[in-house]
Amino acid sequence: MNTSMYINGQAILGNGNALDVNNPATLEVITQVYSSAFEQLEECVAKAKQAFTIWKNLADPKIVEAFHAIAEDILSQKEELARLITLEQGKPLFLAQVEVELTVQWINYVAGLNIPVEHYQEANGKKITVYNRPLGVVASITPWNWPFMIAAWHLFPALKAKNCVINKPSEFTPLSTIKLIEIINQHLPAGVCSLILGDGKIGHALTQHPDIQKVTFTGSTGTGQKILENSVSTLKSVVLELGGNDIGIVLEDVDIDQVCRKVFMSAFLNAGQTCACLKRLYVHEKIYDQVIRKLTEMINSQVLGNGLEEGTTFGPVQNKLQFEKVQAFITDALEHGATVIRSHQLLPEKGYFIAPTLVVNARDEMEVVQKEQFGPVLPILSFSHVDEVIKTTNQSEFGLGASVWTKNLQKAEKIAEQIEAGTVWINSHADLSPEAAFGGWKLSGLGYSFGLGGLLQYTHKQSVHITAA
Ligand code: NAD
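Residues numbered from 1 in each chain as written. Predicted model: local features only at pLDDT ≥ 70, side-chain atom pairs only at ≥ 80, totals over all residues. Heavy atoms only, no water.

Student: Just checking my understanding: could you explain the side chain of Thr312 for this structure?
Tutor: Within the element layout of this structure, Thr312 appears in the loop between helix 10 (288-300) and helix 11 (320-335). In this structure Thr312 comes out as buried when scored by relative accessible area, which is 8%. Looking at Thr312, its side chain comes within polar contact range of the main-chain oxygen of Asn306, at 2.9 Å. What Thr312 contacts, discounting residues up to four positions off in sequence, is Pro92, Phe94, Val303, Leu304, Gly305, Asn306 and Gly307. (Helix = DSSP H or I, 4+ residues; strand = E, 2+ residues; numbered from the N terminus. Buried < 20%, exposed > 50% of the residue type's maximum accessible area, 1.4 Å probe, protein only. Polar contact = N/O pair within 3.5 Å; in protein donor to acceptor, adjacent residues only side chain to side chain. Contact = heavy atoms within 4.5 Å.)

Student: What is the right way to read helix 2 (residues 60-76) from this model?
Tutor: Since the α-helix advances by 3.6 residues per turn, residues separated by three or four positions end up pointing in the same direction. In this model helix 2 runs 25 Å from its N-terminal to its C-terminal C-alpha over 17 residues, within 8% of the 24 Å that 1.5 Å per residue would give. If you check which residues of helix 2 are buried, you get Ile63, Val64, Ala66, Phe67, Ile70, Ala71 and Ile74. With its buried residues spanning 165° around the axis, helix 2 presents them on a single face. Exposed residues on helix 2 whose side chains face more than 90 degrees from its buried face are Pro61, Lys62, Glu65, Glu72 and Ser76. Close packing links the buried residues of helix 2 with helix 1 (38-55), helix 3 (78-89), helix 4 (93-111), helix 5 (147-160) and helix 6 (175-185). (Expected span 1.5 Å × (residues − 1). Arc of directions from axis to C-beta.)

Student: I would appreciate a short explanation of the layout of surface pockets in the present structure.
Tutor: In this approach the atoms are scanned with a rolling probe the size of a water molecule, which exposes any empty space left behind. The space that makes up the largest pocket amounts to roughly 990 Å³. Breaking the lining of the largest pocket down by element, the ones donating at least two residues are helix 7 (200-208), strand 10 (212-218), helix 8 (221-230) and helix 11. Broken down by element, the lining of the largest pocket gets its largest block of residues, six residues, from helix 8. For the lining of the largest pocket, the class distribution of residues is 13 nonpolar, 17 polar and nine charged. What lines the second largest pocket is a set of 19 residues, and nearest its centre among them are Leu102, Leu269, Ala430, Asp431 and Leu432. Going through the elements one at a time, helix 4, helix 5 and helix 9 (256-268) are the ones with two or more residues in the lining of the second largest pocket. No other element matches the four residues that helix 4 contributes to the lining of the second largest pocket. The class makeup of the residues in the lining of the second largest pocket is 14 nonpolar, four polar and one charged. (1 Å grid on protein atoms, 1.4 Å probe; cavity = no way out; pocket = protein on both sides within 12 Å on 5 of 7 lines; lining within 4 Å. Points joined across faces, edges and corners; volume = space filled by probe spheres on them. Nonpolar A, V, L, I, M, F, W, Y, C, P; charged D, E, K, R; others polar.)

Student: Looking at this structure, how should I read the pattern of salt bridges?
Tutor: Close approach of charged atoms allows side chains of opposite charge to pair. A full pass over the atoms with the stated rule returns 17 salt bridges. The salt bridge partner of Glu182 is Lys179, with a shortest N-O separation of 2.9 Å. Placement of the pair is Glu182 and Lys179 together in helix 6, with a separation of three residues, close to one helical turn. Accessibility assignment for this pair places Glu182 and Lys179 in one class, buried. A salt bridge links Glu324 to Lys320; the nearest nitrogen and oxygen atoms lie 3.2 Å apart. Here Lys320 and Glu324 lie together in helix 11, a separation of four residues that amounts to about one turn. The network of salt bridges with common partners includes Glu80, Lys179 and Glu182. (Salt bridge = Lys/Arg side-chain N within 4 Å of Asp/Glu carboxyl O.)

Written as structure tokens, this is what we have:
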């Protein structure tokens, strides 16, 4: 199993301390990876800076060709990659396969984007051309929930804009990212896409480095804030994709069965460990009991287990810290008088398994409603007037996403307009598109990913004013 970091295209082992990589479904140690030593980080940045002098001048068709070749290689290794994702992350194999497929879709989409050039002509004859120039070396820091796909979301736009990139994956899930960087390095020049390994300490050193021009980060709000502080002395720009507490608002006119199937998927996708998961559900009081009944059926139909075993539909939580955090949310809800409905499946003996759980009769002041649970627990509240729920939505410190569920699309669009969040879905949730901007308002983030706007986050503007001599 490859456990190397990548400096200047070379696979080498880290000189730092050894970190266990665990399988969250069995608690077995899969392997150990060695953290990068600080001298190795220095070398990695220096080589990336050197590689940038060549990469920034490469013709775009060559980049497009390389991206398509990378996407093909990934697709041809889909089974192996998906198994690796399941092994270290815990999600069922079919979902890990989807993660690989979506990654390929995203890479091909980014390959097709063109960086625009603007032209202006002034009355006095002066011409102005506005270019979007590459930045230099970009640092990418990724989390453990969708380790493979999120790394690709960072790397490919930055590379397409002709930057060199250094990724640091989560210490909990480095293996699939190592494989991704291995594949990328088979198609790109040395030093263009590098990898360092380790925990937050090496992440901190990377994001602080004076030769890093930009940091793209996906993870918790607390870490995002530290990265932002770290960027001040060198005025680095940042893209921060952070936590969320997405609301779903279900109006009384919906088809309950259909909506519950979609709501279940959106709330419990990847055992609820998705930034854009639906994290608190507000249901009109007239259909509240029916929705609870249907969602109870849905949680009871899940098969919990090791994602590598056939038939598993629901995996464990990824790590101990998250496991304990989610359990504490359930305890707090119980202590505050909520009714908790857990799927009646027996839990596997080992592993960080939490049965999919509904918190019924939840109230706004409960922790599981106020905070991001990032796990398989959905609080469900009832409402009588939608205006109250819009107000509650906007009181949140987060502003990542929200959804409105109704047959009345006109009404839904009016509600969407009033919601303070980067994305509002109508009759779906968490279904992202490579074309549409994705980012958070408030404590959910800074900047945007995806689409041309996401690509341009990895560029500087340069205006060239041309006056005839
Ligand atoms: P985390 O912040 O603990 O860790 C993320 C990454 O940051 C890891 O690689 C970690 O090693 C690194 N890190 C830790 N401290 C650092 C520091 N001081 N400087 C630099 N790097 C440091 O987050 P997590 O627990 O891995 O991920 C879960 C969180 O991520 C949730 O809050 C979730 O909502 C959020 N998330 C957001 C999005 C989004 O697009 N908005 C997507 C996925 C996850």
